[in-house]
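Commentary on secondary and tertiary structure
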Amino acid sequence: MIDEKAITDFIYLEAELLDTMQWQAWLDLFHPEGRYWMPLEWQQRDPVLQPSLMYEDLLLLKVRVERLAGERTFSQKPKSRCHHLLQAPRIVACDPTAGVYKARTSYIYTETRGDLLERYSGWASHEFVEVGDALKIKLKRVDLVNFDAPFGNIQLFM
Amino acid sequence: MAKYGQNADAIAALVREAEVHRDVYVDPEIFELEMEHLFPNSWIYVGHASQLGKPGDFITANIGRQPVLASRHADGSIHVFYNRCPHKGVKIASEPCGNTGKFFRCPYHAWSFKTDGSLLAIPLKKGYEGTGFGDTQANEGLSKVRNVVIYRDFIFARLSDDGVSFEDYFGESLSTIDNMVDRSPEGKLAVQATPIRYMHTCNWKMLVENQTDTCHPMVAHESSAGTAVKVWKREQGDSTETPMAVQLYGPFMSPYEFYEQSGIRIWPNGHGHTGVANSIHSNYSDIEGYVGQMVAAYGEQRAHEILGEVRHNTVYFPNIMVKGAVQILRNFIPIAVDKTLVESWVYRLVGAPDKLYERALMYNRFINAPTSIVGHDDLEMYERAQEGLKSNGNQWVNLRRLYESHEEQDVTAVINGTSERQMRNQFHAWSKFMTMNMDKRVEAAE
Ligand code: FES
Ligand SMILES: [Fe+2]
């Protein structure tokens, strides 16, 4: 039985897996039909017919993860590292009978590479489905406060 | 210690037949001279008329260092101004786009201007009576950019009063824009999406050159496109239909022979394109209903002619690239000698199926976004070049691939697709437009 604590724990775990670069374990948190979405417009509705920074299924996320370790992935020499500073997630929906689980988390994300350090602020919205006894990510939506700014390389996951 | 200012000979000496001196990428004085000469002497992309749908709509842009403002007037005409109040110089519009209503109003002392730029009103107007205000430039309102051409809704401007005409400047290269527009069954494009913006810590010319550099994809993009192909092969299971994503990534890994045969076409004034015979855009699957729409609009033969043109990257010198087959324009906006803002715009083909727009947006985020793994591959190379060029070991960048002695300048030609001739073509134009007015000023001073 999924409760609010389970959702919160999941979100903290996800951030920890990213911060410790346990990419495969992170991918395992996704449902096979799961999506990772970073909109490019304010309160964006449509990931397909509006422009996004990212809208990726599991195959594309796997490509990213596999690439990070590639021998010829020059933009990862030296490697990037990241840090998530999360506010307590707000549970938007936790309804085991309907199978609806949603949360929204405000955070500051830091990505570093070499001597560079970049900071981003935003909100992560998670939608989960229950598979067996476990939660899986159906959608992780990342809204940056400055989605319209010109960024340099963002190589890891927020 | 100005080395290059007003010294046309020193600037011309930076460009040899098949080499360029590293100062063109790393010297801040050269960058300032580009802003002062090259950009004003060239025809620069300002925006698209569909961004100015109704009267009062405006967009802002920069040409070199100079802020400009384009607006749609009540009578439907489009005007381009310097974005600067004639009173004390305050920027009139501060947002990338918007609607100003019937007039622009300066936020400082409320001088107001019609959307054709003319002065509408000044508060306490009588304070100017008898001051000779009527004879000042301020009385004319917003300063107009006089040389503006709207070609099939693409707004181009040239800041310098004299120079090469629009027709002579672009010539046959406009065929790429034609093809992109003709791909709409209604012959119309529309900007609906925010551009993807990406900051590059490198010189703007590295990006422009890279658009026709066909010897790097299979090397630099092995990490992204190569991995995408590899993961797809392993994980596709029983599925036979290649997903759109793999269709977009896959061709980047084409071998040298593919690029050799696909060809490059060069045009006068530094324009040119890859993908003459075929290109990385050749083999996308058909989108349901689209060919039928095109045939209905243009007839069988013309429709296939339009869709058979699959040019890869067209460089419009100095700083945009157009990709007709996926309706994308990339604007390489110089910020500093080692800083370039890239704005990648997607146009919607009016009247065409949504799926085409979806593909164009997908291509843009896969290849042109700060979150794009393909983009990461390229930017890493530019940044390393910007660093590496500080080395005194060798001060020249080599562009000799498939060079033939005494290459003709400012001609149209189709050549081997792995040639660096388009880069040589660009640097010839660079040198020409950098020094164009400089020569004259030196003469005048003598
Ligand atoms: S500066 Fe614009 S009204 Fe004074
Ligand atoms: Fe590239």
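Quick caveat, the model's predicted, so the values are computed rather than measured. (Residues numbered from 1 in each chain as written. Chains lettered and ligands numbered in written order. Predicted model: local features only at pLDDT ≥ 70, side-chain atom pairs only at ≥ 80, totals over all residues. Heavy atoms only, no water.)

1. Some remarks on the packing of helix H3 (residues 58–68) of chain A against helix H14 (residues 373–388) of chain B
H14 of chain B packs onto H3 of chain A with a crossing angle of 30° between their chain directions and a minimal axis gap of 11 Å. As judged from the angle between their axes, H3 of chain A and H14 of chain B are roughly parallel. In this structure, H3 of chain A contributes Val63, Arg64 and Arg67 of chain A to the contact, and H14 of chain B contributes Ile373, His376 and Asp377 of chain B. Residues that form the contact of H3 of chain A with H14 of chain B fall into these classes: 2 nonpolar, 1 polar and 3 charged. (Axes fitted to C-alpha atoms, helices over the stretch in contact; angles between N-to-C directions. Helix = DSSP H or I, 4+ residues; strand = E, 2+ residues; numbered from the N terminus. Parallel < 35°, antiparallel > 145°, perpendicular 65-115°, else oblique. Contact = heavy atoms within 4.5 Å. Nonpolar A, V, L, I, M, F, W, Y, C, P; charged D, E, K, R; others polar.)

2. Considering the packing of aromatic side chains
A complete count under the given rule lists 31 aromatic pairs over all chains for this structure. With a centroid separation of 6.5 Å and an interplanar angle of 20°, the aromatic rings of Trp42 of chain A and Phe147 of chain A are classed as stacked. A residue pair is termed long-range when its members are at least 10 positions apart, and Trp42 of chain A in the loop between strand S1 (30–39) and strand S2 (52–56) and Phe147 of chain A in the segment after strand S7 (134–144) qualify at 105 residues. A centroid spacing of 4.9 Å and a plane angle of 5° characterise the contact between Tyr249 of chain B and Phe366 of chain B, whose relative ring orientation is stacked. One end of the pair, Tyr249 of chain B, is in helix H9 (residues 244–249); the other, Phe366 of chain B, is in helix H13 (residues 354–367), with 117 residues separating them in the sequence. In this pair, the class of Tyr249 of chain B matches that of Phe366 of chain B, namely buried. Members of the aromatic cluster, joined through ring pairs, are Trp43, Tyr45, Tyr151, Phe154, Phe156, Phe166, Tyr169, Phe170, Tyr316, Phe317, Tyr347 and Phe433 of chain B. Lying across the ring of Trp37 of chain A, Arg141 of chain A places its NZ or CZ 4.5 Å from the centre. (Phe/Tyr/Trp six-rings, centres within 6.5 Å; stacked < 30°, edge-to-face > 60°. Buried < 20%, exposed > 50% of the residue type's maximum accessible area, 1.4 Å probe, protein only. Lys NZ or Arg CZ within 6 Å of the ring centre and 35° of its normal.)

3. Some words on the sheet that holds strand S2 (residues 44–48) of chain B
Residue and element names in this part refer to chain B. Pairing is antiparallel in the open sheet, where 3 strands are placed in the order S2-S11-S10. The open sheet has two free edges, formed respectively by S2 and strand S10 (147–151), since each of these has just one partner strand. If you compare each strand with its neighbour and ignore which way they point, the axes differ by 25° on average. Pairing analysis gives 5 bridges linking S10 to strand S11 (residues 154–158), with the strands arranged antiparallel. Across the sheet, Val149 pairs through a bridge with Phe156, a residue of S11. The strands touched by helix H5 (residues 175–182) are S10 and S11; relative to S11, the strand with the most contacts, the crossing angle is about 155°. (Pairing = 2+ DSSP bridges.)

4. Quick look at the nonpolar core
Counting 83 residues, the largest nonpolar core has Phe154, Phe156 and Trp430 of chain B as the members making the most contacts within it. Setting aside its immediate chain neighbours within four residues, Phe154 of chain B contacts Tyr45, Gly47, His48, Val149, Ile177, Met180, Val181, Leu189, Leu329 and Tyr347 of chain B. Core analysis: the next-biggest nonpolar cluster, separate from the first, contains 41 residues, Trp23, Tyr107 and Leu135 of chain A together with Ala369 of chain B among them. (Core = buried A, V, L, I, M, F, W, Y, C linked by side-chain atoms within 4.5 Å.)

5. Digging into the interface of chain A and chain B
Listed per partner, the contact involves 34 residues of chain A and 40 residues of chain B. Taken together, both faces of the contact between chain A and chain B bury some 3,100 Å²; the carbon and sulfur share is 58%. Counting the surface chain A buries against chain B, the share from its top three residues, Leu49, Arg67 and Pro150 of chain A, is 19%. For the interface between chain A and chain B, the tally reads 6 salt bridges. Run the count over chain A and chain B and you get 16 residue pairs in polar contact (both at pLDDT 80 or more). Of all elements in the fold, only S2 and H3 of chain A reach the threshold of two or more residues within the side of chain A that touches chain B. The element contributing the most residues to the side of chain A that touches chain B is H3 of chain A, with 7 residues. Residues belonging to the side of chain A that touches chain B are distributed by class as follows: 17 nonpolar, 7 polar and 10 charged. (Buried area = accessible area lost by both parts, 1.4 Å probe. Salt bridge = Lys/Arg side-chain N within 4 Å of Asp/Glu carboxyl O. Polar contact = N/O pair within 3.5 Å; in protein donor to acceptor, adjacent residues only side chain to side chain.)

6. Some thoughts on the UniProt feature "domain: Rieske" (unreviewed entry) in chain B
The sites that carry the UniProt feature "domain: Rieske" (unreviewed entry) are, in the present numbering, residues 44–123 of chain B. Regarding residues 44–123 of chain B, the helix share stands at 0% and the strand share at 45%, and the terminal C-alpha atoms are separated by 36 Å. (UniProt positions renumbered as here; feature names shortened; annotations may be inferred.)

7. Considering helix H1 (residues 4–19) of chain A
Residues and elements named next belong to chain A. In this model H1 runs 23 Å from its N-terminal to its C-terminal C-alpha over 16 residues, within 8% of the 22 Å that 1.5 Å per residue would give. Within the span of H1, buried status applies to Ile7, Thr8, Phe10, Ile11, Glu14, Ala15, Leu17 and Leu18. The inward-facing, buried residues of H1 abut helix H2 (23–27), strand S3 (80–86), strand S4 (90–95), strand S5 (100–113), strand S6 (116–131) and S7. Note on H1: the residue one or two positions beyond its end, Met21, has a positive phi of about 55°. (Expected span 1.5 Å × (residues − 1).)

8. So, the layout of surface pockets
Residues and elements named next belong to chain B. The calculated volume of the largest pocket comes to roughly 1,000 Å³. Taken together, 40 residues form the lining of the largest pocket, with Thr60, Pro96, Cys97, Glu343 and Trp345 sitting closest to its centre. Broken down by secondary-structure element, the contributors of at least two residues to the lining of the largest pocket are S2, strand S3 (57–63), strand S4 (66–72), strand S6 (97–99), strand S18 (328–336) and strand S19 (339–349). Among the elements that line the lining of the largest pocket, the one with the most residues is S3, at 6 residues. Of the residues assigned to the lining of the largest pocket, the class counts are 20 nonpolar, 12 polar and 8 charged. (1 Å grid on protein atoms, 1.4 Å probe; cavity = no way out; pocket = protein on both sides within 12 Å on 5 of 7 lines; lining within 4 Å. Points joined across faces, edges and corners; volume = space filled by probe spheres on them.)

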